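The lines below spell out each chain.
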Amino acid sequence: MKYLARPLAPLALFAVLLALGSGVPTLAQAQAPQIDPPWTGELPSQGGVVLLAMSREESPAGVSERLGQEGCPAVSMAVTEGGEWLTYIPGAPAFVNQAFPTSMAAGLGFAVRCGDPTQPVTLTEANDGQTVNRQVGERVRVTLPSNPSTGYAWRVDPALPASVLAQLGEPEVVSPPMPGAPGVTTFEFLAAGPGVAPLRLVYDRSFEANSTIDEWSATVIVSGQQAVAWLGEVRTQPQAAPGARYLELRQPLIDEGTVPRGVAIVASDGASANAIEALTDTGDEVLVWGELTCGVADYGGCRIDATSLVRADATTAPPASPVVGWAGTVRASDGTDLFQVDGDLPVQHGIAGADADIEAQLAEAREQGTRIRVWGELQALVDDVNRTRIVVTEVGLAP
């Protein structure tokens, strides 16, 4: 059956907003693909509703997966047929999506509600045995039925590698008002570093041996470090193929020789390609956003797939970037505090607390040399270390 694209009038858009109000977020967020996405249109930087048009034929699941790869975890998608809206909920049972086209044809107009990629992906009983892709700094939430009145409780297998997937706090157990009725237990985890984490939960009585009566598991694949407002200068790679570029990092407070002075840089889209070309060998400093991949045969052994470049002398600051559980250490240099981020390239940013209590926690971490995790936002083009500053709203110990 063919589904034709139709213009979306303002009233129709209002209907989309109602129709796309809830759903199950996609679990697929893999490495950035090498071909253009199968739609035309701009995606929002964070959650919201957007109207797109298919540029080539693709399955709904394929479109949903690619949306997640492009930074829009699809909560739901919708098309019109005969004046009616048909909705697709990623990850929902087949009967929920049975009216939606099995293939989205080129030219088809559709609406998508993007989830906020900084929010945790939620896993339930239905996700048992699945594989989940996350980026460093993102979170995973697991919610399972439980009945504490029986003495049974969910616990995390201690074999979970905390360096890849770290448990955040204690599980939250919610029991219904009626005594003895089943409730739910919720765990939250942070994607702490690149790697593969076998996440296994067991349901047993801690005071009884061999009392396990249920298990739940998933494989969480955490991919690499993100480049967020890294300061440097774009240069031509010496003795390399024509067009090869690298970002000469401006990290003067990192000890000489401990990390590469530069990292290869390539474009992830046309706009970043034009920016890299325009800024190469000009001597101008630039802030770069993108995804870092190390262990590659390129300059310094690492490569940034750049999504955005901003001149360091620009007068208009870009939107602040979310900081979600970044691990590292607080250091001081010439009376200024900075945060050195853990990773293949331990870059540095200015740092400040959002209030006096947070400032005191940061000062204590600096004095004791404690590794911490920080939450908040990173501001760019400010008068601070490497033209950046992390404004911290929450501090936690790093495993």
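Our structure is the block above this text.
Residues numbered from 1 in each chain as written. Predicted model: local features only at pLDDT ≥ 70, side-chain atom pairs only at ≥ 80, totals over all residues. Heavy atoms only, no water.

Some thoughts on the packing of aromatic side chains
All chains considered together, the criterion is met by 5 aromatic pairs. Ring geometry for Trp154 versus Tyr203: centroids 4.9 Å apart, planes at 35°, classification tilted. Here Trp154 is found in strand 9 (residues 153-156), whereas its partner Tyr203 is found in strand 13 (residues 195-204), with 49 residues between them in sequence. For the pair formed by Trp154 and Tyr203, the shared burial category is buried. Ring-pair connections join several aromatic residues into one group, and the members of that group are Tyr152, Trp154 and Tyr203. (Phe/Tyr/Trp six-rings, centres within 6.5 Å; stacked < 30°, edge-to-face > 60°. Helix = DSSP H or I, 4+ residues; strand = E, 2+ residues; numbered from the N terminus. Buried < 20%, exposed > 50% of the residue type's maximum accessible area, 1.4 Å probe, protein only.)

Focus: the sheet that holds strand 1 (residues 39-40)
One open sheet accounts for 5 strands, arranged 1-2-5-3-4; its pairing is antiparallel. Strands at the two margins of the open sheet, each flanked by one partner only, are strand 1 and strand 4 (84-88). Bridge count for strand 3 (residues 74-81) against strand 4 is 5 bridges, and the pairing is antiparallel. Counterpart to Glu81 in the pairing with strand 4 is Glu84. With respect to the sheet, helix 2 (residues 60-69) is in contact with strand 1, strand 2 (48-54), strand 3, strand 4 and strand 5 (109-114), its orientation differing from that of strand 3 by roughly 135°. (Pairing = 2+ DSSP bridges. Contact = heavy atoms within 4.5 Å. Axes fitted to C-alpha atoms, helices over the stretch in contact; angles between N-to-C directions.)

Topic: helix 3 (residues 270-279)
By the burial criterion, the buried members of helix 3 are Ser272, Ala275, Ile276 and Leu279. Viewed along the axis of helix 3, the buried residues span an arc of 100°, placing them on a single side of the element. Summarising the geometry of helix 3, the exposed residues directed more than 90 degrees from the buried face are Asn274, Glu277 and Ala278. Where helix 3 is buried, its residues contact strand 15 (226-236), strand 16 (245-249), strand 17 (262-267), strand 18 (286-294) and strand 19 (302-311). Put simply, Asp269 is the residue that caps the front of helix 3, since its side-chain oxygen is 3.3 Å from the backbone nitrogen of Ala271. One or two steps after helix 3, the chain reaches Asp281, where phi turns positive at roughly 60°. (Arc of directions from axis to C-beta. Polar contact = N/O pair within 3.5 Å; in protein donor to acceptor, adjacent residues only side chain to side chain.)

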